[in-house]
Amino acid sequence: MFERYTEQARRVIFFSRYEASQYGSPCIETEHLLLGFFRADKALTRRLMRTNSTEALRKEIEARTTREAKIATSVDMPLSNQGKRALAYAAEEAERMQDRHIGPEHLLLGLLREKGSLAADLLASHGVTLERARECVLDLRKRLASDEGEDLVEIHGEMWNRESVQSRVDELAKFAWRQRQWKPLDILVEKATGRIFFDLGLKGDPQFDLVSSGWPRTHCEICDWELNAANGPERSTCYTNGRDWICQECYTNFLSDAAPPQSQRG
């Protein structure tokens, strides 16, 4: 079924499956596909939605659906009838654009064509129509086409000029990196000033209070992608040199060939 899907479109389905499992849904609904799209295609999402609109939309989904007990991701989960129709519409949109492959942009258009679905209703309430979405897709394609001469790399659905981050990459390539799950860190808070310290060697000092798991998130040192343990595996699986953190995509794009071999890592 997904033979024509690009890697990014497959990620939409993967994230949709994860979202459905978190809601305890027996099938993947259109709203789960929409949340999966937001996770997988940041570039188009930013052009369609106002700042913080995706979070507002997630809250609306929370208000309009009932959460059940979470379902293990290993359990097979089918698409709902509306979800199946949305994917069929996505294939039609790809044909309409004369595209051989189906990408996340086609999935979004398919969701908008499934009238009466929760995803289509929510998008319409935020001013996202089928016509506007088609225009955004074409505008984004034109922009990327105009940048063909540049060395571009895709990070979390957004195109970056490799040269713009190369100096930072060169600096980070000097360190040994290992894959780890991001977990909230213990921190020390100075009683007098409220300043935060990460040196737990000060733990016995009466001037400081220990706050367990007091630092809930950090950011990728290259692309500023937020890393945290609360929003799914793509946010919490990353690489560290013991102090700094980088996301999986930046490690793959920039450091997998440059980093010291495994035997040198601490």
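Further up the page is the structure itself.
Remember, predicted model here, so these are calculated numbers, not experimental data. By convention here, each chain's residues receive numbers from 1 onward along its written sequence. Given that the model is predicted, a residue must reach a pLDDT of at least 70 before its local features are reported, and side-chain atom pairs must reach 80 or more before they are shown or counted; all residues, however, enter totals for whole chains, interfaces and linings. With hydrogens and water stripped out, all remaining heavy atoms of the structure feed into the side-chain values.

## Describing the overall build of the chain
Turning to step 1, where the next piece is worked out: Each helix corresponds to a stretch of at least 4 residues labelled H or I by DSSP, and each strand to a stretch of at least 2 residues labelled E; elements are numbered beginning at the N terminus. Helix and strand counts for the chain stand at eleven helices and ten strands.
Turning to step 2, where the next piece is worked out: Judged by the C-alpha coordinates and their principal axes, the chain covers about 65 × 50 × 35 Å.
Turning to step 3, where the next piece is worked out: Between buried and exposed lies partly exposed: a residue is buried under 20% and exposed over 50% of the maximum accessible area for its type, with that area taken using a 1.4 Å probe on protein chains only. For the chain, the residues scored as buried account for 45% of the 266 residues in total.
Turning to step 4, where the next piece is worked out: The contact rule is simple, with two residues in contact once any of their heavy atoms fall within 4.5 Å. Intrachain contacts of the chain at a sequence separation of at least 6 include 64% that bridge at least 24 residues.
Turning to step 5, where the next piece is worked out: Of the roughly 14300 Å² of accessible surface on the chain, 48% is carried by carbon and sulfur atoms. To be clear on the numbers: accessible area is Shrake-Rupley with a 1.4 Å probe, and residue cover counts the displayed protein chains and nothing else.

## Digging into the side chain of Glu190
Turning to step 1, where the next piece is worked out: Here Glu190 is to be found in strand 4 (residues 185-190).
Turning to step 2, where the next piece is worked out: In protein, a polar contact requires one atom able to donate a hydrogen and another able to accept it; more generally it is a pair of N or O atoms within 3.5 Å, and residues adjacent in sequence count only if both atoms are side-chain atoms. For Glu190, the side chain forms a polar contact with the side chain of Thr193, separated by 2.6 Å.
Turning to step 3, where the next piece is worked out: Not counting the four nearest positions on each side in its chain, Glu190 is found in contact with Arg195, Phe197, Gln207 and Phe208.

## Points about unusual backbone geometry
Turning to step 1, where the next piece is worked out: Despite not being glycine, Gln98 has its phi angle at roughly 60°, a positive value.
Turning to step 2, where the next piece is worked out: Residue position: Gln98 is located in the loop between helix 5 (81-96) and helix 6 (104-113).
Turning to step 3, where the next piece is worked out: In the Ramachandran plot, Asp224 falls in the positive-phi region, its phi being about 70° despite a non-glycine side chain.
Turning to step 4, where the next piece is worked out: Along the polypeptide, Asp224 turns up in the loop between strand 7 (217-219) and strand 8 (226-228).

## Section: the sheet that holds strand 5 (residues 196-197)
Strands in a sheet are paired, the pairing made by backbone hydrogen bonds, and the direction either parallel or antiparallel.
Turning to step 1, where the next piece is worked out: Pairing between strands requires that DSSP locate at least two bridges from one strand to the other. Taken together, three strands build an open sheet; the order of strands is 5-4-6 and the sheet is antiparallel. Single-partner strands in this sheet number two, and they are strand 5 and strand 6 (208-215).

## Let's talk about helix 5
Turning to step 1, where the next piece is worked out: Here helix 5 is 16 residues long and its end C-alpha atoms lie 23 Å apart, about the 22 Å a rise of 1.5 Å per residue gives.
Turning to step 2, where the next piece is worked out: Where helix 5 is concerned, the buried positions are Gly83, Ala86, Leu87, Ala90, Glu93 and Ala94. Buried residues along helix 5 cover an arc of 110° about the axis, so they all sit on one side. Structural note: helix 5 exposes Asn81 and Arg96 on the side pointing more than 90 degrees away from its buried face.
Turning to step 3, where the next piece is worked out: One or two positions beyond helix 5, positive phi appears at Gln98, with a value near 60°. By this rule, a helix spans an expected 1.5 Å times one less than how many residues it contains. By arc we mean the arc of the directions from the helix axis to the C-beta atoms, nothing more.

## Observations concerning the side chain of Thr30
Turning to step 1, where the next piece is worked out: Tracing the sequence through the fold places Thr30 in helix 2 (residues 30-40).
Turning to step 2, where the next piece is worked out: Thr30 sits in the buried class, given a relative accessible area of 0%.
Turning to step 3, where the next piece is worked out: Not counting residues within four places of it along the chain, the set of residues in contact with Thr30 comprises Ser80, Gln82, Gly83, Leu111, Ser117, Leu118 and Ala119.

## Some words on the state of the cysteines
Turning to step 1, where the next piece is worked out: Note that a disulfide, as used here, is simply two cysteine sulfur atoms within 2.5 Å. According to the stated counting rule, one finds zero disulfides in the structure shown.
Turning to step 2, where the next piece is worked out: Not part of a disulfide, Cys247 finds its nearest cysteine sulfur in Cys250, a span of 3.6 Å.
Turning to step 3, where the next piece is worked out: Judged by its relative accessible area of 1%, Cys247 falls in the buried class.

## Structural notes on the packing of aromatic side chains
Turning to step 1, where the next piece is worked out: Each aromatic pair joins two rings of Phe, Tyr and Trp (for Trp, the six-membered one) with centres within 6.5 Å, and gets the label stacked for planes under 30 degrees apart, edge-to-face for over 60, and tilted for any other angle. Under the definition given, this model contains six aromatic pairs.
Turning to step 2, where the next piece is worked out: Ring centres 5.0 Å apart and planes at 75° place the aromatic pair Phe2 and Tyr5 in the edge-to-face group.
Turning to step 3, where the next piece is worked out: Seen from their ring centres, Phe197 and Phe208 are 5.3 Å apart, and the 80° between their planes marks the pair as edge-to-face. Taken as a pair, Phe197 in strand 5 and Phe208 in strand 6 lie far apart in primary sequence, eleven residues in all. When sorted by exposure, Phe197 lands in the same class as Phe208, which is buried.
Turning to step 4, where the next piece is worked out: Counting as a charge over the ring demands two things of the Lys NZ or Arg CZ atom: a distance within 6 Å of the ring centre and an angle within 35 degrees of the ring normal. One Lys or Arg, Arg39, reaches over the ring of Phe15 and ends 6.0 Å from the middle of that ring.
Turning to step 5, where the next piece is worked out: Positioned over the ring face of Tyr23 is Arg67, at 4.1 Å from the centre of the ring.

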